[in-house]
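Coordinates in review
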2 protein chains.
Amino acid sequence: MYTYIHNEIVPAEKAFLHVRDLSIQRGYGVFDFFKIKDGHPYFLNDYLERFYHSAKVMHLSVPQPPDALKSIICQLIEKNNIAESGIKIILTGGYSEDGYLPSDPNLIITQHSLILPSEEVVNKGVKIITQDYVRDLPTAKTINYSMGIWLAKKIKEELAYDVLYHQNNVVSEFPRCNFFIVRKDDTVVTPIDRVLNGITRKNILKLAANKYNAEEGIITLDDIYHAKEAFLTSTTKRIVPIVEINDTFINNGKPGPISLSLLAGLKALEQQDVRLNKQ
Amino acid sequence: MYTYIHNEIVPAEKAFLHVRDLSIQRGYGVFDFFKIKDGHPYFLNDYLERFYHSAKVMHLSVPQPPDALKSIICQLIEKNNIAESGIKIILTGGYSEDGYLPSDPNLIITQHSLILPSEEVVNKGVKIITQDYVRDLPTAKTINYSMGIWLAKKIKEELAYDVLYHQNNVVSEFPRCNFFIVRKDDTVVTPIDRVLNGITRKNILKLAANKYNAEEGIITLDDIYHAKEAFLTSTTKRIVPIVEINDTFINNGKPGPISLSLLAGLKALEQQDVRLNKQ
C-alpha cells in the first residue's frame, strides 16, 4: 500500500510526520473520506468541494487546486490497485513555528480497506444513545474527535451502536454520521443546523424528494420517540436503520420500509455515478 | 536538541510519528507543559499529577509510572542542557488499528526555548476579547485547540492579546490561560467551573490567600466590567494584567497593584521551589 505525503507517493509504512506538525501539537486539521470501487471514486466532486470548504473554514489553504489534487488521487488509486476501499485526505496545520499558529499545511492521502456494516446490522437495526454536545464549527470536517472517541466507552457500556448529539433537546448529528427520521406523515427529515453536510445526507435528501416529502428541519428528541422510522447515514455505512433510542423502541422496533427503500435507491445512485463517469 | 519518542531519546529533527497515530487521524491526545531553569523543572509534581489526570479523563494510560517518567525527563534535560526552556509531554491515542479507537499511547517529550511576555505587555497590560464557547472536557489538557487557533484571526483583527471564553455570560478561561479578577473589596477570584486546573492558577490562589480574600467562584462578564483589576495566568506568561475587555477599560485602564504584587510573589515562589528541591 502507498501513501501520499510531503509531495510524493511513498510506501505506506514510511508515511511519517514530524512531531512539530500542528495535528500532533494541537489537533489542528481537516480531512475528508470517500469510497472507491474498481478504481472509481464515488461522488468525488462533492467530497472535494467539501474538503476545500472545511479547509477554508479553518483558515487553511490546500496546496493544490482541485484538478491537481484529483490527479494525485488518481495516481494513488492506480498505484495501490485495490478493488474496494476508502481514501482519506488529511490537511494539517503544518509544521508550526511556535507550536500554535498554522504554517504551510501538510497534505496526506491514504488508502484503506473498508469495514462495511454487517447484514445483521442493516436487517435488525441498531440502538443509539444521546449526548448533549455540539461540535466546534460543525460545517467543517475537522480532525477533532475528542468527544466522539471519549464517548466510545459509554457507547460500549450501553451496548449501543452510536451516540446522537443534541443541544436543548434539538438533535444534530452523530460523531461520524448524519441523522434522519421519517415522520408519521412519511416526511423524511434531517437536522438543518449544526451538522456536517454529509454527501450521503445530500444524496438521501435528493432520493427521498422523488418519492416522499423530504426536508431539512428541526428535530427534537421527542420527535424521535414519535417517529415512524429513523436511520443514520454515512459514506461507509450508507444507511443503518435505528430501532431503539435510550432503551425506547422507535415505532415497532424494526427497520422501516422507507429506510430500506432509500438504501436500495442509494446503491442504485452509486451505480449511476460509476456509469456517468465512464462515459 | 533532543526529543524523547518511541521509547528513546533521538535528535529532535528525527522525531516523527507515523500518520496512523490518532493525533493525526483524530486530534486525540493530551499534553502538559512546564518551565525549566538551570536544570530545575518548576513545580514538576503538580504538572505530572495533572498530566496523569488528563490521560485518565481521556481514557489513555501513560506507559510509565510517574517515577520512570521523571527519570526520562531528567535524562532529557541533562542531555539538552539549556538554561531556560520549557518541556512539553504529549500522550497521543497511539497507532490506532481502525483509525478511531485509541491503542497503546505514544509518549513524546520535547524541549523548547521559551517566549516570555515582553516587559511592555506586563507594564501596560493587554486588551482581551470574548467568545461564547466551553472546551470539551475542560479538566483535561487535551491537544484539541481547534477553537482557540480558529480564533487567532479574530484576536489579530481586534488587536487583542487573547480571547476569554464564556457561556451565558459566565466566564471560564482563555484557550491557554486562566483568568482572575480583583473585586472592589479586594477579593481575588478565579472561575470555579469549566476550567483547566492551571498550576499557576493554583499558586496564585495560594499567594492571594496570604494577603487578601481569595476564592474560586462564578464570574460574569458584567463582573469584569465592574472589577478593580483583572489578569490572566499561565505557566509561560505567569501574570499578564488585563486592562481592556471588548473595547471597554477595566477601572482606570492600567495594571493594578494587586496583580503586580501577585506577579512578584509568584517569582519568589518559583525561587522557593528551586531552593526546596536543591536541599
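Fair warning: this is a prediction, and the values are worked out from it, not measured in the lab. (Residues numbered from 1 in each chain as written. Chains lettered and ligands numbered in written order. Predicted model: local features only at pLDDT ≥ 70, side-chain atom pairs only at ≥ 80, totals over all residues.)

1. Here's the deal with the overall build of chain A
Helix and strand content of chain A: nine helices and 16 strands. For 279 residues, the compact-globule estimate of 2.2 N^0.38 gives 19 Å, and the C-alpha radius of gyration of chain A, at 19 Å, lies within 12% of that figure. Taking the principal axes of its C-alpha atoms as reference, chain A extends roughly 55 × 45 × 30 Å. Residue burial in chain A is summarised as follows: out of 279 residues, 46% are buried. Residue pairs at least 24 apart in sequence account for 69% of intrachain contacts in chain A once pairs closer than 6 positions are excluded. (Helix = DSSP H or I, 4+ residues; strand = E, 2+ residues; numbered from the N terminus. Rg over C-alpha atoms; globule rule 2.2 N^0.38 Å. Buried ≥ 20, exposed ≤ 12 C-beta atoms within 10 Å, placed from the backbone. Contact = placed C-beta atoms within 7 Å.)

2. Concerning the interface of chain B and chain A
Tallying the contact residues gives 35 residues for chain B and 34 residues for chain A. Secondary structure elements with two or more residues in the side of chain B that touches chain A: β1 (2-5), β3 (16-18), α1 (22-26), β6 (84-92), β7 (107-112), α5 (146-150) and α6 (152-157) of chain B.

3. Brief notes about the pairing of strand β11 (residues 178-182) of chain B
Residues and elements named next belong to chain B. Burial analysis of β11 places five of its five residues in the buried class, which makes it a mostly covered element. Bridging between β11 and strand β14 (residues 229-234) involves five bridges; their strand directions are antiparallel. Pairing of V182 across the sheet is with E229, part of β14. Relative to strand β12 (residues 188-191), β11 is paired through two bridges, and the arrangement is antiparallel. (Pairing = 2+ DSSP bridges.)

4. Quick look at the relation of the copies chain B and chain A
With an axial shift of 0.0 Å and an RMSD of 0.0 Å, the rotation relating chain B to chain A amounts to 180°. Look at the turn and shift together and you get a two-fold axis relating the two. Of every C-alpha in chain B, the one belonging to G27 of chain B sits nearest the axis of rotation, 1.9 Å from it. (Least-squares fit on C-alpha atoms with pLDDT ≥ 70 in both.)

5. Considering the confidence of the model for chain A
In this model, chain A carries a mean pLDDT of 97, and residues with pLDDT of at least 70 account for 100%. ipTM for the predicted complex: 0.97, alongside a pTM of 0.97. (pLDDT = per-residue confidence, 0-100.)

6. Examining the environment of P117 of chain B
Residues and elements named next belong to chain B. Looking at the secondary structure, you find P117 in the loop between β7 and α4 (119-124). As for P117 and I239, which are separated by 122 residues in sequence, their C-alpha atoms are 9.2 Å apart. Apart from residues no more than four positions distant in its own chain, P117 is found in contact with V122, K237 and V240.

7. Regarding helix α9 (residues 257-278) of chain B
Residues and elements named next belong to chain B. Look at α9: 32 Å from first C-alpha to last across 22 residues, which is about the 32 Å you get at 1.5 Å a residue. For α9, the set of buried residues is S259, L262 and L263. Burial along α9 is one-sided: seen end-on, the buried residues are contained in an arc of 105°. In α9, the exposed positions that point more than 90 degrees away from the buried face belong to P257, A264, K267, A268, Q271, Q272, R275 and K278. (Expected span 1.5 Å × (residues − 1). Arc of directions from axis to C-beta.)

8. So, unusual backbone geometry
It is generally the case that most residues other than glycine have a negative phi and that most peptide bonds are trans. All names here are of chain A. Its identity is not glycine, yet L159 carries a phi of approximately 50°, on the positive side. As for its position among the elements, L159 is in the loop between α6 (152-157) and β9 (162-167). With a phi angle near 55°, R238 is a residue other than glycine that sits in the positive phi range. With respect to the secondary-structure elements, R238 resides in strand β15 (residues 238-245).

9. Points about the environment of L151 of chain A
Summarising the element assignment, L151 of chain A is placed in the loop between α5 (146-150) and α6. Residues L151 of chain A and L48 of chain A lie 103 residues apart in sequence; the distance between their C-alpha atoms is 29 Å.

10. Brief notes about the sheet that holds β1 of chain B
Residues and elements named next belong to chain B. Taken in spatial order, the six strands of this open sheet run β2-β1-β7-β6-β4-β5, and their pairing is antiparallel. Two strands lie at the open edges of the sheet, namely β2 (8-11) and β5 (40-41), each paired on one side alone. Its contacts with the sheet place helix α2 (residues 44-57) against β4 (29-37), β5 and β6, and it is angled at close to 175° to β4. (Axes fitted to C-alpha atoms, helices over the stretch in contact; angles between N-to-C directions.)

11. With respect to the domain arrangement of chain A
Residues and elements named next belong to chain A. On domain assignment, one finds that chain A holds domain 1 (2-112) and domain 2 (119-271). Every contact between the two is made by 19 residues of domain 1 and, on the other side, 13 residues of domain 2. For the side of domain 1 that touches domain 2, the secondary structure elements donating two or more residues are β4 (29-37), α2 (44-57) and β6 (84-92). At seven residues, β4 tops the list of elements feeding residues into the side of domain 1 that touches domain 2. (Domains from an automatic or database assignment.)

12. Let's talk about the pairing of strand β8 (residues 126-132) of chain A
Residue and element names in this part refer to chain A. Note that β8 and β15 share three bridges and pair parallel. What sits directly across from I128, in β15, is I245. Relative to β9, β8 is paired through five bridges, and the arrangement is parallel. Paired with I128 across the two strands is D162, which belongs to β9.

13. Examining the packing of helix α7 (residues 199-211) of chain A against helix α9 (residues 257-278) of chain A
Residue and element names in this part refer to chain A. Across the interface, α7 lies against α9 with an axial gap of 10 Å and an inter-helix angle of 110°. Relative to α9, the element α7 lies roughly perpendicular. Note that α7 runs across α9; the crossing there is right-handed. Here N203, I204, L207 and A208 of α7 lie close against α9, whose contacting residues are L262, G265, L266 and L269. Counted by class, the contact of α7 with α9 contains six nonpolar, two polar and no charged residues. (Parallel < 35°, antiparallel > 145°, perpendicular 65-115°, else oblique. Left-handed = near helix turned anticlockwise from the far one by under 90°. Nonpolar A, V, L, I, M, F, W, Y, C, P; charged D, E, K, R; others polar.)

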